[in-house]
Amino acid sequence: MLKRLYIDNFRSLVNFEMNFDSINLFLGGNGTGKSTVFDFLRRIQLFVSAGFKVEGIFPFADCTRWQNLPIQHFELEIAGNGGNYKYELVIEHNQENSHIQYERLWFDNQPLLKFEIGEVQTYYDNHSAGPRYPFDWSQSILPLLLPRNDNTKLTWFKKRIERFIIVQIIPLLMTGGSEQEEIRLNYRMENFVSWYRYISQDQGKVAELMNVLKDVLDGFVSFKFEQFSEKYRVLKLRFLTEENRKNTIDYYFGELSDGQKVLIALYTLLYCTQSEDYTICIDEPENFLALPEIQPWLVQLYELCSEQKMQALLISHHPELINYLLASPIGYWFERQSNAPVRVKKISNEVAENTGLPISELIARGWLYEPA
């Protein structure tokens, strides 16, 4: 589970630190840095697991504008594999290029990796020193380290970073077909069908998802793929007809409404990733949905997170999400003045109890920290 992050000199995030629970709700006005946290996590994931160069992932243009500092400092802490991981990355920008000043990985305060000034020092699972060699300091060394019997702690961290799913669902962009399986979801979920092809290999989870969707989508029966060519497949959904509930009719995924696509995506995220130590980050999951549609999903999400089957980070402006989730102290209020760093306050239910108004109403009136 993601436990903590620290970000310094990335857009509006300066000396910024957050600690996390199993379920977390980000609240605040537009431009206060909520989505920037998600963007940072997405970039770290690409940097650590996909081999992107520093200049492509953390360009100098993303340094904080009202400062003139060439150094960016990032930290990530994750609990799992029987201990606690701490990842550190410092990037230095100059007129010629951008490069890693140092990259370090620790497990229970013992070293697993030190990459400093172009030289790598790796460590075995027992934390004794391994090989030391020069490396290109314009990219992370982690994507190129192959799994071995003596570096299982390090490779576990790499795989855990891959289990961050960071999305803002845009149903209009979700294509109905796929040429191949894809392990990683795109940020806008354009490749949902390709990702579903990958996860559908687990028939047990797919069966559970089908049963849940039968309660969510009226008349839903099952998914099926129709093969158009050697590689290209189209996702179809089978529904019972209204006139005779024994007959069925098939619809292409692309023919569904925006709300239906979002519901399918949201429930797939829950039931096809649970119990595998995923961190699900969703920007405004309530978009395109009516209140009776989002509320049951929210209940299921809360139960799975409470049972430690997954971790969720949500950004929302929806009163139902705000009032339901803030029954527990899991809310974070983001605020920022013009050309000033983001600051975060943990939301307490004491504010609502003192006023007799729900948290969503206090936010709407601007009374969250200035109760009337």
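Definitions and limits used
- Residues numbered from 1 in each chain as written.
- Predicted model: local features only at pLDDT ≥ 70, side-chain atom pairs only at ≥ 80, totals over all residues.
- Heavy atoms only, no water.
- Helix = DSSP H or I, 4+ residues; strand = E, 2+ residues; numbered from the N terminus.
- Buried < 20%, exposed > 50% of the residue type's maximum accessible area, 1.4 Å probe, protein only.
- Contact = heavy atoms within 4.5 Å.
- Areas by Shrake-Rupley, 256 points an atom, 1.4 Å probe, with all protein chains shown as cover.
- Lys, Arg positive; Asp, Glu negative; His and termini not counted.
- Charge placed at Lys NZ, Arg CZ, Asp CG, Glu CD.
- Domains from an automatic or database assignment.
- Buried area = accessible area lost by both parts, 1.4 Å probe.
- Salt bridge = Lys/Arg side-chain N within 4 Å of Asp/Glu carboxyl O.
- Expected span 1.5 Å × (residues − 1).
- Arc of directions from axis to C-beta.
- Pairing = 2+ DSSP bridges.
- Axes fitted to C-alpha atoms, helices over the stretch in contact; angles between N-to-C directions.
- Polar contact = N/O pair within 3.5 Å; in protein donor to acceptor, adjacent residues only side chain to side chain.
- Phe/Tyr/Trp six-rings, centres within 6.5 Å; stacked < 30°, edge-to-face > 60°.
- Lys NZ or Arg CZ within 6 Å of the ring centre and 35° of its normal.

Trainee: Would you mind going over the overall build of the protein chain with me for this structure?
Mentor: Counting secondary structure elements, the protein chain contains ten helices and 18 strands. Counting only C-alpha atoms, the protein chain reaches 70 × 65 × 40 Å along its principal axes. Looking at the protein chain as a whole, 52% of its 372 residues qualify as buried. Counting only contacts in the protein chain whose residues sit at least 6 apart along the sequence, the fraction spanning at least 24 positions is 55%. Accessible area of the protein chain: about 17,100 Å², with a carbon and sulfur share of 47%. Averaging the positions of the 37 positive and the 48 negative side-chain charges in the protein chain gives two centres separated by 3 Å.

Trainee: What am I meant to see in the domain arrangement of the protein chain here?
Mentor: Accessible area lost when the parts come together is the quantity often used to give the size of an interface. Domains assigned within the protein chain are domain 1 (1–167 + 311–371) and domain 2 (170–283). Listed by partner, the interface residues are 23 residues for domain 1 and 16 residues for domain 2. Together, the buried faces of domain 1 and domain 2 total about 1,700 Å²; carbon and sulfur atoms form 53% of this surface. Considering only the side of domain 1, the residues that lose the most area to domain 2 are Arg-163, Ile-165 and Val-167, jointly responsible for 44% of the buried surface there. The tally of links between domain 1 and domain 2 comes to one salt bridge.

Trainee: Explain helix H7 (residues 291–306) to me, please; I cannot follow it from the model alone.
Mentor: The end-to-end C-alpha distance of H7, which contains 16 residues, comes to 22 Å, matching closely the 22 Å that a straight helix rising 1.5 Å per residue would cover. Within H7, burial applies to Ile-294, Trp-297, Leu-298, Leu-301, Leu-304 and Cys-305. One side of H7 carries all its buried residues, which in axial view fall inside an arc of 130°. Buried positions along H7 lie against strand E3 (23–28), helix H6 (258–271), strand E15 (279–283), strand E16 (311–315) and helix H8 (319–325). Immediately beyond the C-terminal end of H7, within one or two residues, lies Gln-308, with a positive phi of roughly 60°.

Trainee: Would you mind showing me how to read the sheet that holds strand E10 (residues 164–167) here?
Mentor: Taken in spatial order, the six strands make up an open sheet running E10-E15-E16-E3-E17-E18, and their pairing is mixed. Only two strands of the sheet have a single partner each, and these edge strands are E10 and strand E18 (343–346). Each strand axis lies, on average, 15° off the axis of its neighbour in the sheet, ignoring direction. Both strand E17 (residues 331–335) and E18 contribute to a ladder of four bridges, which runs antiparallel. Bridged to Phe-334 within E18 is Val-344. Lying on the sheet, H7 is in contact with E3, E15 and E16; it crosses E16 at an angle near 140°.

Trainee: Help me understand helix H5 (residues 203–216), please; the structure alone is not making it clear to me.
Mentor: For an α-helix the count is 3.6 residues per turn, leaving residues at separations of three or four pointing the same way. Under the 1.5 Å per step criterion, the end-to-end length of H5 is 20 Å for 14 residues, consistent within 8% with the ideal 20 Å. Those residues of H5 lying buried are Lys-205, Val-206, Leu-209, Met-210, Val-212 and Leu-213. For H5, the secondary structure elements touched by its buried residues are helix H4 (192–199), strand E12 (220–227) and H6. In this structure Asp-202 caps H5, since a side-chain oxygen of it lies 3.2 Å from the backbone nitrogen of Gly-204.

Trainee: Help me out: how do you make sense of the sheet that holds strand E8 (residues 119–123) in this one?
Mentor: Consider a sheet: its strands pair through backbone hydrogen bonds, and that pairing is either parallel or antiparallel. In spatial order, the strands read E2-E1-E4-E5-E6-E7-E8-E9; together these eight strands make up an open sheet with antiparallel pairing. Of all the strands in the sheet, just strand E2 (16–19) and strand E9 (129–134) have a single pairing partner and so form its edges. Taking the axes of each pair of neighbouring strands and ignoring which way they run, one obtains an average angle of 10° across the sheet. Pairing geometry for E8 and E9, over four bridges, is antiparallel.

Trainee: Would you mind showing me how to read the side chain of His-93 here?
Mentor: By secondary structure assignment, the location of His-93 is in strand E5 (residues 83–93). By relative accessible area, which is 5% here, His-93 ends up buried. Only 2.6 Å separates the side chain of His-93 from the side chain of Ser-98, close enough to count as a polar contact. Discounting residues that sit within four places of it in the chain, His-93 has contacts with Phe-58, Pro-59, Phe-60, Cys-63, Pro-70, Gln-72 and Ser-98.

Trainee: So what exactly am I meant to see when it comes to the packing of aromatic side chains here?
Mentor: Each pair of aromatic rings is reported with the distance of its centres and the angle of its planes. Tallying each qualifying case throughout the model produces 26 aromatic pairs. On the numbers, 5.0 Å between centres and 40° between planes, the contact of Phe-26 with Phe-334 is tilted. Within this pair, whereas Phe-26 is found in strand E3, its partner Phe-334 is found in strand E17, the two being separated by 308 residues in sequence. For Phe-26, a relative accessible area of 0% puts it in the buried group. A relative accessible area of 1% means that Phe-334 is categorised as buried. Their ring planes at 35° and their centres at 6.0 Å tell us that Tyr-196 and Phe-225 sit as a pair that is tilted. A residue pair is termed long-range when its members are at least 10 positions apart, and Tyr-196 in helix H4 and Phe-225 in strand E12 qualify at 29 residues. With relative accessibility at 27%, the residue Phe-225 sits in the partly exposed group. These aromatic residues form a ring-pair network of at least three members: Phe-192, Trp-195, Tyr-196, Phe-220, Phe-223, Phe-225, Phe-239, Tyr-251 and Phe-253. The ring of Tyr-187 carries Arg-42 above its face, with NZ or CZ at 5.5 Å from the centroid. One residue, Lys-236, lies across the ring of Tyr-252, its end atom 4.8 Å from the ring centre.

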